Amino acid sequence: MVNFNSAKQIKFSADFDKEIASDVTELPSIYSGVSRWKPGRESKCCAFSSDGSKFAWCNGHGFVKVVKCNSGEDITTEEITSRGDSANVRLLDCGKNVVSMEFAPKLPSFQNKVDSTSLLAIGLERGSIKIWNVDTGDMVYTLADHTQSVTGLTFATKGEPLMISCSEDSTMKVWDLGEDGNMSLTIKGHNSPIQYLALSPNDPSILASVGMGKAVYLWKLPHKRSYEKLRLLRGHNNDVVSCSWSPDGALLATASHDTTVIVWEPFSGEQILVLGHLFPMPSPIYVGGSNGAWVKSVCFSKDGTKIATVCEDNRIRVWKPWLQDTPMLENTILKEGYQCRISPDGCIIAVGKQDGSVTMIKDSSTEVNSLLHLSRLAVRKSFSLSLLQTIALPPPIMEYLAYRPSIA
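Since the model is a prediction, treat every value here as computed from it, not as a measurement.

Participant: Could you clarify how one ought to interpret the sheet that holds strand β17 (residues 206-211) in this entry?
Facilitator: Within a sheet, each strand pairs with its neighbour through backbone hydrogen bonds, oriented either parallel or antiparallel. The four strands lie next to each other as β16-β17-β18-β19, forming an open sheet whose pairing is antiparallel. Each edge of the open sheet is held by one strand with a lone partner, namely β16 (194-199) and β19 (226-234). Going from strand to strand, the sheet's axes swing by 25° on average, the running direction of each strand aside. With seven bridges connecting them, strand β18 (residues 215-223) and β19 associate as antiparallel partners. By the bridge assignment for β19, Lys 220 is matched with Glu 228.

Here it is in structure tokens:
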């Protein structure tokens, strides 16, 4: 049984004032003109490039669209729905159904001198990964070692140019893009299909993974050819399907079919915050099955002030738990949502949907971050909680740096 009483804060969407975004854009699927929906046309994944200049999403049946976000030109519906390329839109044909995708960050130079920020890794059914240069439309690598669908991809932001994938085959694999995509390590430890994974943005040797089960796995990768399991985080009452790190690597948010998102201090296992999508909090027996409020995806913003979630109740929520007197954003989407992403500048929240389209919501309340918040980010990038506890800090400062109830 989950003991949510151990969490420092439990927040429900009902606790916040609501704001409905008025600036909403729909990116249609290339199948939008086809009246009859068929399985395989879902937009199960989407991604922004690290500099925010590009956005990609799955169009179904192996097709991926990539649009330029900063061209300064209007992109027409005809360009979005066409089955060809244009000046601002590129269509990639992966050949198999797309399950996951991720843009590479700025990485050390590759042997073939490709700008890494133009690389888009796409995980497919049946275990293969294709990496494309979206600027040229060329496929750079085809990686094949998984035996089932590739459900998640993550890149190291520092050090060697490594990518890690996870799969329904219950394994994770480390790929060295500096060595033409050589597979250097297989990570085992899950006993069931893995749904998602994420490397810490502050320490690329720390990896989180989640899957069909109630535990969150935390791993240490001292080297691209070795790994160790650090700990299991237990607190969810149903399968855990998504995870996201805060930009300073101090917090880990995990989304579960138990109707909640838990924000952890991952190295101590402390529950800092629980975001409930049903009020009142349902019983563990109820949330352990079909409950109508499975949380599908969670995403931290790059500045750490927002957490976006997509829920089975067809709502996308943007929580701002550390910003006082700030309403949360809550919008209804017409089709079932899958994955949510926040643009690097924090202004756009995107969610892929069942019909292959994407809803993009503009958060007009985005403001310049306070010096207090920026200072916390800077401190937590350099100091772990255990190290901070060795310093004689005033209790209110310590509580703030630990992301506990905010200082006024």
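Participant: Is there a simple way to explain a nonpolar patch on the surface in this structure?
Facilitator: On the surface, a cluster of nonpolar side chains totalling about 220 Å² of accessible area is made up of Phe 383, Leu 387 and Ile 391. Among the structural elements, Ile 391 can be located in the loop between α4 (385-388) and α5 (395-401). Here Ile 391 falls in the partly exposed class, since its relative accessible area comes to 35%.

Participant: Just checking my understanding: could you explain the side chain of Lys 54 for this structure?
Facilitator: Following the sequence through the fold, Lys 54 ends up in strand β5 (residues 54-60). A polar contact of 3.4 Å, which involves the side chain of Lys 54, links it to the side chain of Ser 53. When residues no more than four places from it in sequence are discounted, the contact partners of Lys 54 are Ala 47, Phe 48, Ser 49, Val 66, Val 67, Cys 69, Phe 103, Ser 118, Val 134 and Asp 135.

Participant: When you look at the sheet that holds strand β9 (residues 119-124) in this model, what are you seeing that I'm missing?
Facilitator: Pairing is antiparallel in the open sheet, where four strands are placed in the order β8-β9-β10-β11. The open sheet has two free edges, formed respectively by β8 (98-103) and β11 (138-144), since each of these has just one partner strand. Taking the axes of each pair of neighbouring strands and ignoring which way they run, one obtains an average angle of 20° across the sheet. Here β8 runs beside β9; their pairing, made up of five bridges, is antiparallel. From the neighbouring strand, Met 101 faces β9, where its bridge partner is Ile 122.

Participant: Please explain the state of the cysteines as it appears in this structure.
Facilitator: Working definition of a disulfide: a covalent bond connecting the sulfur atoms of two cysteines. Counted under the stated rule, the structure contains zero disulfides. Counting only cysteine sulfurs, Cys 46 is the nearest neighbor of Cys 69, a cysteine outside any disulfide, at a range of 11 Å. Left without a disulfide partner, Cys 166 is nearest to the cysteine sulfur of Cys 243, which lies 8.3 Å away. You can call Cys 166 buried: its relative accessible area is 0%.

Participant: Sorry if this is basic, but what is going on with unusual backbone geometry here?
Facilitator: As a rule of thumb, non-glycine residues mostly have phi less than zero, and peptide bonds are mostly trans rather than cis. In this model, Phe 279 is joined to Pro 280 through a cis peptide bond whose omega is -5°. With respect to the helices and strands, Pro 280 occurs in the loop between β23 (270-276) and α2 (284-287). The backbone phi angle of Arg 126 is positive, close to 70°, even though this residue is not glycine. Mapped onto the secondary structure, Arg 126 falls in the loop between β9 and β10 (128-133). We note that Tyr 403 has phi near 60°; this positive angle belongs to a residue other than glycine.

Scoring rules and cut-offs
- By convention here, each chain's residues receive numbers from 1 onward along its written sequence.
- A pLDDT threshold of at least 70 governs which residues receive local features in this predicted model, and a stricter bar of 80 or more applies before side-chain atom pairs are shown or counted, although totals over entire chains, interfaces and linings include all residues.
- Excluded from the side-chain calculations are hydrogens and water; all other atoms, namely the structure's heavy atoms, are used.
- Note on pairing: two strands pair once DSSP finds at least 2 bridges between them.
- Every helix listed is a DSSP run of H or I at least four residues long, and every strand listed is a run of E at least two residues long, numbered separately from the N terminus.
- Here, axes are lines fitted to C-alpha atoms. For helices the fit covers the stretch in contact, and angles between N-to-C directions go from 0 to 180 degrees.
- Distance thresholds for patches are 9 Å for like charges and 5 Å for nonpolar side chains (Val, Leu, Ile, Met, Phe, Trp, Tyr), applied to residues having over 30% relative accessible area and no salt bridge.
- Computed with the Shrake-Rupley method and a 1.4 Å probe, the accessible areas treat only the protein chains shown as cover for residues.
- What makes a salt bridge here is a side-chain nitrogen of Lys or Arg within 4 Å of a carboxyl oxygen of Asp or Glu, nothing more.
- The rule is simple: take the accessible area with a 1.4 Å probe, protein chains only, and divide by the maximum for that residue type; under 20% is buried, over 50% is exposed, in between is partly exposed.
- Any pair of nitrogen or oxygen atoms within 3.5 Å is treated as a polar contact; in protein, a donor-acceptor pairing is required on top of that, and neighbouring residues in sequence qualify only through side-chain atoms on both sides.
- We call two residues in contact whenever any of their non-hydrogen atoms come within 4.5 Å of each other.
- In plain terms, two cysteine sulfur atoms within 2.5 Å form what is called a disulfide here.

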